[in-house]
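# Observations on the model geometry
Residues per chain are reported as follows:
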Amino acid sequence: MTDVDLLAERLKAALARLGRRGRQQTRGDLTAGQISTLAAAAQLGPVRLGDLAAHEGVSAPTLSRVVGGLENLGLVARTPDPADGRASLISLTPEGEAELGRLRGDSIAFFVARISALPPEQREALAAALPAIEALAAS
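Read on for a plain summary of the structure. Since the structure is predicted, the reported quantities are computational estimates derived from the model, not experimental observations.

Thresholds applied
Residues numbered from 1 in each chain as written. Predicted model: local features only at pLDDT ≥ 70, side-chain atom pairs only at ≥ 80, totals over all residues. Heavy atoms only, no water. Axes fitted to C-alpha atoms, helices over the stretch in contact; angles between N-to-C directions. Helix = DSSP H or I, 4+ residues; strand = E, 2+ residues; numbered from the N terminus. Parallel < 35°, antiparallel > 145°, perpendicular 65-115°, else oblique. Contact = heavy atoms within 4.5 Å. Nonpolar A, V, L, I, M, F, W, Y, C, P; charged D, E, K, R; others polar. Core = buried A, V, L, I, M, F, W, Y, C linked by side-chain atoms within 4.5 Å. Buried < 20%, exposed > 50% of the residue type's maximum accessible area, 1.4 Å probe, protein only. Pairing = 2+ DSSP bridges.

### Things to note about the packing of helix H3 (residues 49-56) against helix H4 (residues 60-72)
- The interhelical angle for the contact between H3 and H4, taken along N-to-C directions, is 105°, at an axis separation of 9 Å. Compared by their axis directions, H3 and H4 come out roughly perpendicular. Counting all contacts with H3, which are made through Leu49, Leu52, Ala53 and Glu56, the residues of H4 involved are Ala60, Leu63, Ser64 and Val67.
- Class assignment for the residues of the contact of H3 with H4 results in six nonpolar, one polar and one charged.

Following this line, the structure appears as structure tokens:
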């Protein structure tokens, strides 16, 4: 195994653990898929189901079930697409926006606590590594 292979393996494992722990800190009964769909719908604005499914990397029937669950919880709403009466647009309700804000707050609070607990030299190392991690995430 090369140095790059080992680095990739360690980074993947650390990010996976950190992501799991961050998700465990959020309150509520939403699944990771529901939270991701809620965040994507907020980011994309009123969006067609097919476009939302493509963004999330899942099939339209799968995402339709997820959106149905969010709709039953009052977190998203479907409205007719003015450009195509056969299609609908998915958007967050005020309750969905509030829930997403709460979830984001919980997640940020978790990371703030974890980062604050690091020694100053590790916080500096994390800050120095962040541009590289962001570049990996963007590519």
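### As for the nonpolar core
- One finds Leu38, Leu52, Val67 and Val76 to be the most contacted residues of the largest nonpolar core, which totals 17 residues.
- Only helix H2 (32-44), H3, H4, strand E3 (84-92) and helix H5 (94-116) provide two or more residues apiece to this core.
- Contact partners of Leu38, with chain neighbours within four places excluded, come to Leu30, Leu70, Leu75, Val76, Leu92, Gly96, Glu99 and Leu100.

### Details of the pairing of E3
- Pairing of strand E1 (residues 47-48) with E3, which is carried by two bridges, proceeds in the antiparallel orientation. Counterpart to Arg48 in the pairing with E3 is Leu89.
- Turn length for the strand E2 (residues 76-81)-E3 hairpin, with the two strands adjacent in sequence and antiparallel, is two residues.

### Considering the environment of Arg23
- In this structure, Arg23 sits in helix H1 (residues 3-24).
- The class of Arg23 is partly exposed, set by a relative accessible area of 47%.
- Along the chain, Arg23 and Arg78 lie 55 residues apart, while their C-alpha atoms are 27 Å from each other.

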